[in-house]
Structures are given as C-alpha cells and as structure tokens.
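Single-letter residue listing:
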There are 2 protein chains.
Amino acid sequence: MKRAIGIDLGGTAIKGTIMSEDGVCSHTTRVPTEATQGGQRVLENILSLIDQLIKKSGLAPSDFVGIGFGTPGFVDEDGTILGGAENLPGWKGTQVYAPIKERFGFKALGANDVTAVALAELKYGAGRGVNNIVCMALGTGLGGGIVTSGKLYKGTHGMAGEVGHIMVEPDGYPCTCGRKGCVERYASATGIVHMAIEFSKAAAGSEITPFAEIACKNPDEITSKMVYEYVAKSDAIALKVHNKMCNMLGRAAGTLIDILSPDRIILGGGVMMAGGIIIDTVKQYTKQYCWPAIFERCEIVPAKLSEDAGVIGAASLALE
Amino acid sequence: MKRAIGIDLGGTAIKGTIMSEDGVCSHTTRVPTEATQGGQRVLENILSLIDQLIKKSGLAPSDFVGIGFGTPGFVDEDGTILGGAENLPGWKGTQVYAPIKERFGFKALGANDVTAVALAELKYGAGRGVNNIVCMALGTGLGGGIVTSGKLYKGTHGMAGEVGHIMVEPDGYPCTCGRKGCVERYASATGIVHMAIEFSKAAAGSEITPFAEIACKNPDEITSKMVYEYVAKSDAIALKVHNKMCNMLGRAAGTLIDILSPDRIILGGGVMMAGGIIIDTVKQYTKQYCWPAIFERCEIVPAKLSEDAGVIGAASLALE
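A short tour of the structure in this document, coming up. What you see is a predicted model; the values in this text were computed from it and never measured.

## What to know about the relation of the copies chain A and chain B
The two copies are related by a screw operation: chain A maps onto chain B through 180° of rotation and 0.0 Å of translation along the axis, at an RMSD of 0.0 Å. Such a combination of rotation and displacement between the chain copies is what one expects of a two-fold axis. The share of interface residues of chain A whose copies in chain B are also at the interface is 100%, consistent with both copies meeting through the same surface.

## A look at the packing of aromatic side chains
The full count for this structure, using the stated rule, is twelve aromatic pairs over all chains. Here the aromatic rings of Phe74 of chain A and Trp291 of chain B are separated by 6.4 Å at their centres, their planes lie at 85°, and the arrangement is edge-to-face. Separated into two different chains, Phe74 of chain A in strand 5 (residues 74-75) and Trp291 of chain B in the loop between helix 8 (276-288) and helix 9 (292-295) make up a pair that spans both. Owing to a relative accessible area of 13%, Trp291 of chain B belongs among the buried residues under this scheme.

## Some remarks on the sheet that holds strand 12 (residues 299-302) of chain B
Residue and element names in this part refer to chain B. A sheet is described by the order of its strands in space; here five strands give the open sequence 10-9-8-11-12, paired in mixed fashion. Bordering the open sheet on either side are strand 10 (151-153) and strand 12, each of which pairs with just one other strand. Taken over all neighbouring pairs, the strand axes of this sheet differ in orientation by 25° on average, direction set aside. Note that strand 8 (residues 133-138) and strand 11 (residues 264-268) share five bridges and pair parallel. Bridging from a neighbouring strand, Ala137 pairs with Gly268 of strand 11. Contacting strand 8, strand 9 (142-148) and strand 11, helix 7 (residues 236-260) runs over the sheet at an angle of about 160° to strand 8.

## Considering the pattern of salt bridges
Residues and elements named next belong to chain B. Under the definition given, this model contains 20 salt bridges over all chains. We note a salt bridge from Asp308 to Lys15, for which the minimum N-O separation is 2.9 Å. On the criterion of sequence distance, the pair formed by Asp308 in the loop between strand 12 and helix 10 (309-319) and Lys15 in strand 2 (residues 13-20) is long-range, its members being 293 residues apart. When its relative accessible area of 8% is taken as the criterion, Lys15 is described as buried. For Asp51, the salt bridge identified is with Lys55, shortest N-O distance 3.2 Å. Linking Asp51 with Lys55, this pair stays in helix 1 (residues 39-57), spanning four residues, or about one helical turn. When its relative accessible area of 26% is taken as the criterion, Asp51 is described as partly exposed. Given a relative accessible area of 63%, Lys55 falls into the exposed group.

## Focus on the nonpolar core
Core analysis: the largest hydrophobic core is formed by 132 residues, its most contacted members being Met245 of chain A together with Met245 of chain B. Setting aside anything within four residues of it in sequence, one finds Met245 of chain A in contact with Leu138, Tyr186, Ala187, Ile192, Met195, Tyr228, Val271 and Ile278 of chain A.

## What about the sheet that holds strand 4 (residues 67-71) of chain A?
Residues and elements named next belong to chain A. Pairing in this open sheet of five strands is mixed, and the strands run 3-2-1-4-7 from one edge to the other. Two strands bound the open sheet, and with one partner strand each, they are strand 3 (25-32) and strand 7 (108-112). Within this sheet the neighbouring strands show an average axis-to-axis angle of 20°, counted without direction. Of the strands in this sheet, strand 1 (3-9), strand 2 (13-20), strand 3 and strand 4 touch helix 1 (residues 39-57), which is tilted by about 150° from strand 3. In the packing of helix 3 (residues 113-124) onto the sheet, the strands contacted are strand 1, strand 2, strand 4 and strand 7, and the crossing angle to strand 7 comes to about 100°.

## A word on the interface of chain A and chain B
The parts lose accessible area when they come together, and the size of an interface is often stated as this lost area. Counting residues at the interface gives 38 residues for chain A and 38 residues for chain B. Taken over both partners, the interface formed by chain A and chain B buries close to 3,500 Å², and the fraction arising from carbon and sulfur atoms is 63%. Of all residues in chain A, Tyr153, Ile259 and Trp291 of chain A bury the most surface against chain B, accounting for 21% of the area lost on that side. Joining chain A to chain B, the criterion identifies zero salt bridges. Remark: the boundary between chain A and chain B carries 16 residue pairs in polar contact (both at pLDDT 80 or more). Of all the secondary structure elements, the ones that give two or more residues to the side of chain A that touches chain B are strand 9 (142-148), helix 7 (236-260) and helix 9 (292-295) of chain A. Ranked by the residues each element gives to the side of chain A that touches chain B, the list is headed by helix 7 of chain A, at six residues.

Conventions and cut-offs
- All residue numbers refer to position in the chain's written sequence, counted from 1.
- Written order decides the labels, with chains lettered from A and ligands numbered from 1.
- Note on the predicted model: pLDDT of at least 70 is required for a residue's local features to be given, and 80 or more for side-chain atom pairs to be given and counted; whole-chain, interface and lining totals, by contrast, use all residues.
- The basis for every side-chain value is the complete set of non-hydrogen atoms in the structure, without hydrogens or water.
- The superposition of copies rests on a least-squares fit of C-alpha positions from residues with pLDDT of 70 or more in both.
- Throughout, a residue-residue contact means that at least one pair of heavy atoms, one from each residue, lies within 4.5 Å.
- Ring pairs are drawn from Phe, Tyr and Trp, using the six-membered ring of Trp, whenever the two centres fall within 6.5 Å, and their geometry is named by plane angle: stacked under 30 degrees, edge-to-face over 60, tilted for the rest.
- Numbering of helices and strands runs from the N terminus, with a helix taken as a DSSP run of H or I at least four residues long and a strand as a DSSP run of E at least two residues long.
- Only protein chains enter the accessibility calculation, which uses a 1.4 Å probe; a residue is then buried when its area is under 20% of its type maximum, exposed when over 50%, and partly exposed in between.
- Pairing between strands is defined by DSSP: at least two bridges between them are needed.
- Every angle, taken between N-to-C directions, lies between 0 and 180 degrees, and every axis is a line fitted to C-alpha atoms, over only the stretch in contact when it is a helix.
- We define a salt bridge as a contact between a side-chain nitrogen of Lys or Arg and a carboxyl oxygen of Asp or Glu at a distance within 4 Å.
- Throughout this description, the term nonpolar core refers to a set of buried Ala, Val, Leu, Ile, Met, Phe, Trp, Tyr and Cys residues connected via side-chain atoms within 4.5 Å.
- Summed over both partners, the accessible area (1.4 Å probe) lost when two parts come together is defined as the buried area.
- Distance and chemistry together define a polar contact, namely a pair of N or O atoms within 3.5 Å, with one atom able to donate a hydrogen and the other to accept it when in protein, and with adjacent residues in sequence counting only for side-chain atoms on both sides.

Below is the structure:
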C-alpha cells in the first residue's frame, strides 16, 4: 500500500503523520513551529520532523511517495510561499520543495491549510461520494478550500478559495485586509467576539441581557464558545450575534453556490463545535442568497474530521 | 483531423456549424427556434439542423466525433434540460442526448450557452495560454462560464457559473429571481437601461443632462448602446449609470477572483461593444473588492471571439 508523510504547519506547532492510502495515520508527532525565529528556522523544523517520522517508521525514504504539507497562506507551483501567512513572519518567500527533494529525494506538494482540509474531507470525511465541494473553516479567521470534479482546485498560484474575504456587507466592518465587510469579520471566532462586545455595549442600559452584562464587564474574556453557551440559553444579545454571523455566512455560501454549484458546502473549524444550530440557521439564510434550483442540489453539512484533518489532507496531497 | 458539429440555441434562432479541431468553422447555418411552439418543436428543429449540416458537408455521421450544444439554462449529466431557460417555454424537461444518439448514432454533450462560450474563449480566444478563466457575458442578462485547470467546470448538474445572481447590493434592485441586488440587475443591457431611466427621472428638474432629457421623454427607446454613446460625450447621468454598473460588476468580479483566483476574467456580450472604457473602470472597482495579491495575478480582458463564440464553444464541447 502506498504511503505519504503529511505535515500541517500551524502558528505554534507543526504536526506530522505517516498516512497510508486507506487514510490510516501512524506516528503522529508535533514539534514547535518557532515562528518568531523566521522562515528558515520553520523550514528546518519541518525537515527535522520529516526525519523523525521516517526514523520512527523504520522505513526508508524510498518507501514514501512523497510529502504533502498544508500551510497558512499561499504556495506557488514551484513551492515558494507567496504570503498570506501573517502569523508566520519571514515564511513568505521560503522555497520549500527543493530542500525536501534534496534531503530526502522525494517530491513535496504544498497547499493552503484549509485547501488541504477540503481534500481530507473529500476523501475521508463529509465530502465522500461527491465530486464538487467547498469547505469553509471558521477558526480565528475564515479559510476555504475548493474541490472541483474530484480534484483539489488551487488556482495557478495556489491562491484559490480565499472565501474569508468575500465582501458580504458594503461599508461593513473594516477588515485586516484593508477593505470593508469581508465575511471573515462576521463568520469567525474573532468576528463573533467582536460583534458580541459591540452588540453588548450598544444594549447597555436599555436591553441588557445576562450575556451582555458579562461582555460589558469583561470584554477580554469573551470567546465564541461562550457566545454559543448563551445562544443555547436563548440570550437575546447572543442570539443577535448568532443571527448576524449566520446571515453573513449565508451570503458568502449563497455566492459560492451560485458560482460553483457544489454538491456540498462543508462547515468546519473551532466555531462549528457549537453544533447543529449554526448549520440550521446558515441554511435558512443561504437559501435567500442563491438560485433556488442550485440551492436544492447543495447540502450544507458539518465537517466530519476533527483535528487530524490537516495532516490527513496534507498526506492526501502527496498521494493524489 | 477530428470534426464536430456545434449548435448554439437562442431564443429566436438556432445556429449550427461544422468545426474541425483547429477551430475552423464551415457550413454555418441558422434555423428559427420556434420557441413558442414548445420543447419538442425546438428539439425537432435542432435535429433537422444537424441533418442539414451533415448533408451540406457531404460527410457521413461517422465522420463526426459528436455534437455539442449550448443552451440557455442548465443541462443535467444525462442531457435533460433542468430549467433556467425562461425564454424557451417547454424546453425544461426535454431530453436531448437520446434522440440525437438514436437519429445520428453519435454522442451529444450540452452546456449552458455562456459556459460553452467560456470554452471557446479558452481554446481560440482571450483565454488562450492559461488554465483558469471566468467568462462573464453582459447581454440581456449576465451569464457566466468557468474553466478550472484547463477544463470546463459545469458542476454536477450543469449549473455552475450562475454569476448573474451573485448578490452585490443587499436590499438592491429586485431581481426576476425573486431576490434583491443580484449583479445582473446592474451589469447587463437590461440593468443599464433600467438604471438609465431611473437616474434620469431622479435628475429631472435639477441636474438634467442631454441624455437624461431623452431618457425622460422616450424611456422605451433607451438602449445600453445609447447610454454608452453619451458616456463617450461625458454626459453626467450616463457616466453615473456606467460607474454604478462597473462598481457592481467589480464586486462580482472581486468575489470571483477571491474564490477562484482565475488567470483571466473575460468580459463579453453585446454590452462590451462599448469598448475599453468598461474594462478600465471595472478594473478600478474590482481592485477594491478582492485580495490584492490575487488581483495582481488576474487580468481583466475583453472577449476576443464575436458572434461565433457560441457555436465554436459548442463544437469544442464535443471535441474535448
């Protein structure tokens, strides 16, 4: 059976695994990213992790078809990081494929981390059995990954799937990208917390709720998880945040449906731990923002793979 | 050299051609659609046109690899029209592949008409040399076609590329689809004329311009071509229409760029006869609505193929 190494590069840790064609992972290992020490150090840590994985497996480099990696930001066709990875200073411009080829003799293939997750969901998760999917990962930000005709779609420069910056509200909240109204400002942990504090402050005095009271007192302690604990208690302000989030996410999902007519939109990431209420509400809103005949043919479902999706998708890149 | 028949189904005429692999068309012929007489009559007219083309060519059906057709609306994988072709009553539900196979013995492949145009532009027009493009056709409505990784992307049900209904203005103009603010309401001949009349009426009395005067007197005579004649004369109201159109089209284009990171967005259709001013202004707006690094890697260009794009794309479907 063919096997590959999968590497998932995060802001604090690099995770690696050895995966066989049937999706079974072994020897999963983490090392620190040491992002603040620059791109070359991050690359060295990746190389050292690959080395550890090969040694742990007791196999030779020639027993692997290659290594796949998922990274924040964009990877060009030749394996150079093009940017979009703000939490990894100095990572932009790093050439990744050549040093891996040189050290281990096998090919490397990289993709945006959420793009890799989309591939994992397609092959082993919520995208099984269909050919066209879009993954949206609601984490600190909002990432995306697209599969068309059964293949990962990365675009010529590895930049496709930048769904977090779909503009959903003209003159909406300012975004870190310099524009306004990007869906990421609403549909992400950061966006939810920001709205929670803003809506709570606006309610102070008049329509204050238990949640709003806490948010006004200790805004720094608010998390998206906490917002959803109060959504479960039907707190009016928490519900307002939830509805705004789902409305804006529905706008982006509707646009994706009109453009790509995917079989499934898969919602994942930490925010989705809140469960079915997000899926249900997003469906209601999405329906309002796309062509009915296309909407009817698209399911909106939660992701199935958990924290291992990143390394599974990365290894799948190499196995494709 | 391989050859195929290409059929472009329109509301008033069906156009057919014989095309060889090098893109050369011959025996191009038109017959009336007779759309009001129902789907079966339209199908009969298509079959009769194929018959005429084969006879004119002096070849046998076995000399063709097959026939491709472009149609308004959506074609399912098995060749059934799924709808979205409002100007062809009764066409929805028609099964097209089987009768062609039965009568001529060759395979048929259908796609949305603008999707077929995208393929034509990819192979013989403004999309040559790249792998990822989006075509937007500004005609009566706004159609779209997507090519990913060098292949036409139609989605599982032939419905992908419904770019005309990307929502660009929440609570914007009501659309025929029942929703509001679809980009088609602004970036199409219909949308331009509607805005021209509305803006002219609003200006009456105060900021009236030569164009607005005509539009207020004879609203039924306004065309998008006329609007652009006055744009060329720097008429303030015509320019206002132009800017609103390009702004809204830029929002949709920016969204497409963020999602698909295409190498080129190709703008075609009758409205684009107005020339470079639309391309230039759309570029300015698009830049405001997408991620800069992706925008930099995407060209916005006019379509190169003229009225033959439909049949060329259709024949290309069969030749793929």
